[in-house]
Amino acid sequence: FLSILYIISQTEAATGRGALRLVRNNYYSTVQAWNSGIVEIYYGSTWGNICDDAFFAFDEADVICHQLGYTAASTYGNTGTITSYGTDLNSMLIEDVSCSSSDYLVLLQCSVTTQYSSFCNDHSRDVVVSCYSTRIWDSPTSGQIRLTGGNFSNQGLLEIYCNGEWGTVCDDTFFGTEEI
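Notes on the structure in this doc start here. In this convention, every chain numbers its residues from 1, walking through the sequence in written order. Where totals are concerned, whole chains, interfaces and linings use all residues; where local detail is concerned, this predicted model gives features only for residues with pLDDT of at least 70, and gives and counts side-chain atom pairs only at 80 or more. Heavy atoms throughout the structure, all of them, feed into the side-chain values; hydrogens and water do not.

### Points about the overall build of the protein
Strands here are runs of E lasting at least two residues and helices are runs of H or I lasting at least four, both read from the DSSP assignment and numbered beginning at the N terminus. In terms of regular secondary structure, the protein is built from one helix and twelve strands. Going residue by residue from the N terminus, the α and β elements of the protein occur as β-β-β-β-β-α-β-β-β-β-β-β-β. Any two residues having at least one pair of non-hydrogen atoms within 4.5 Å are treated as being in contact. The contacts in the protein between residues at least 6 apart in sequence include a share of 67% that link residues at least 24 apart.

Shown next, in the form of structure tokens:
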């Protein structure tokens, strides 16, 4: 009997440390139906915001879009300059996000700090991204993996692209400690 592998890629909680979601007017999409909005991160057992400081640029926005399953960011900014998504009530959790490559697939591959300056106390600094609507798996390459059907960017059914089609991965050699 072989079962299909369903991954929660981080074990801090059911949501998982580092999960991302996009928020609009205090509503969020758990199924990643939106490609733009205020970025929230699950970090330290709670949801919160990312501060748009001097380090945040297209590399960091691209990595956020990659983690959400999109090819790249078309624009980025903060709620002080892009007001169409409203504001949210969550606290600032991280700042000084600095990615040495826009090719990263997960934001926590980048350096971050959880000790933020007073500059970040204002909700006008909450990071906003708009991702191109093209999904990274629309033109897959052999061996590419994805998570599908999860509520957040780090949960779901593990699939791999092989021989021109997506297939599931069997869990007969996984023992609950494997993460991607």
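On we go from here.
### Focus: unusual backbone geometry
In this model, N25 sits at a positive phi of 50°, which is unusual for a non-glycine residue. Note that N25 resides in the loop between β2 (20-24) and β3 (27-28). For N26, which is not glycine, the phi torsion reads 70° and is therefore positive. Secondary-structure assignment places N26 in the loop between β2 and β3. Buried residues are those whose accessible area, probed at 1.4 Å on protein chains only, stays under 20% of the maximum for their type, while exposed residues exceed 50% and partly exposed ones sit between those limits. Under the relative-accessibility criterion, N26 is labelled partly exposed at 43%.

### So, the side chain of D52
Tracing the backbone through its elements, the reader meets D52 in the loop between β5 (47-50) and α1 (58-67). Side-chain atoms alone can form a polar contact between residues adjacent in sequence; in general such a contact is a pair of N or O atoms within 3.5 Å, and within protein one must be able to donate a hydrogen while the other accepts it. In this structure the side chain of D52 is engaged in a polar contact, spanning 2.8 Å, whose partner is the side chain of N78. Once residues lying within four places of it in the same chain are set aside, the contact partners of D52 are G77, N78, F119, R125 and V127.

### Points about the pairing of β5
Pairing between strands is defined by DSSP: at least two bridges between them are needed. Bridge count between strand β4 (residues 36-42) and β5: three bridges; the pairing is antiparallel. Paired with Y42 across the bridge in β5 is W47. Taking the residues that link successive antiparallel strands as the turn, the β4-β5 hairpin has four residues, and the phi of G44 there is positive, at about 65°. Examined bridge by bridge, β5 and strand β7 (residues 92-98) share two bridges and lie parallel to one another. Following the sheet pairing, N49 is matched in β7 by M92.

### Focus on the packing of aromatic side chains
Aromatic contacts are taken between Phe, Tyr and Trp rings whose centres are within 6.5 Å, Trp giving its six-membered ring; a plane angle under 30 degrees counts as stacked, one over 60 as edge-to-face, and the others as tilted. Summed over all chains, the structure comprises four aromatic pairs. Ring centres of F58 and Y76 lie 4.9 Å apart, and the angle between their planes is 85°; on these two criteria the pair is classed as edge-to-face. Here F58 is found in helix α1, whereas its partner Y76 is found in strand β6 (residues 73-78), with 18 residues between them in sequence. The class for F58 is partly exposed, based on a relative accessible area of 40%. Ring pairing ties together the aromatic residues F56, F58 and Y76, which thus form one cluster.

### Details of the state of the cysteines
Here, the term disulfide refers to a pair of cysteine sulfur atoms separated by no more than 2.5 Å. On inspection of all chains with the given rule, the structure shows three disulfides. A sulfur-sulfur distance of 2.0 Å marks the disulfide that ties C51 to C120. Torsion about the S-S bond of the C51 and C120 cystine: about -80°, corresponding to left-handed handedness. One end of the pair, C51, is in the loop between β5 and α1; the other, C120, is in the loop between β8 (111-113) and β9 (127-131), with 69 residues separating them in the sequence.

The analysis is restricted to geometry; functional conclusions fall outside its scope.
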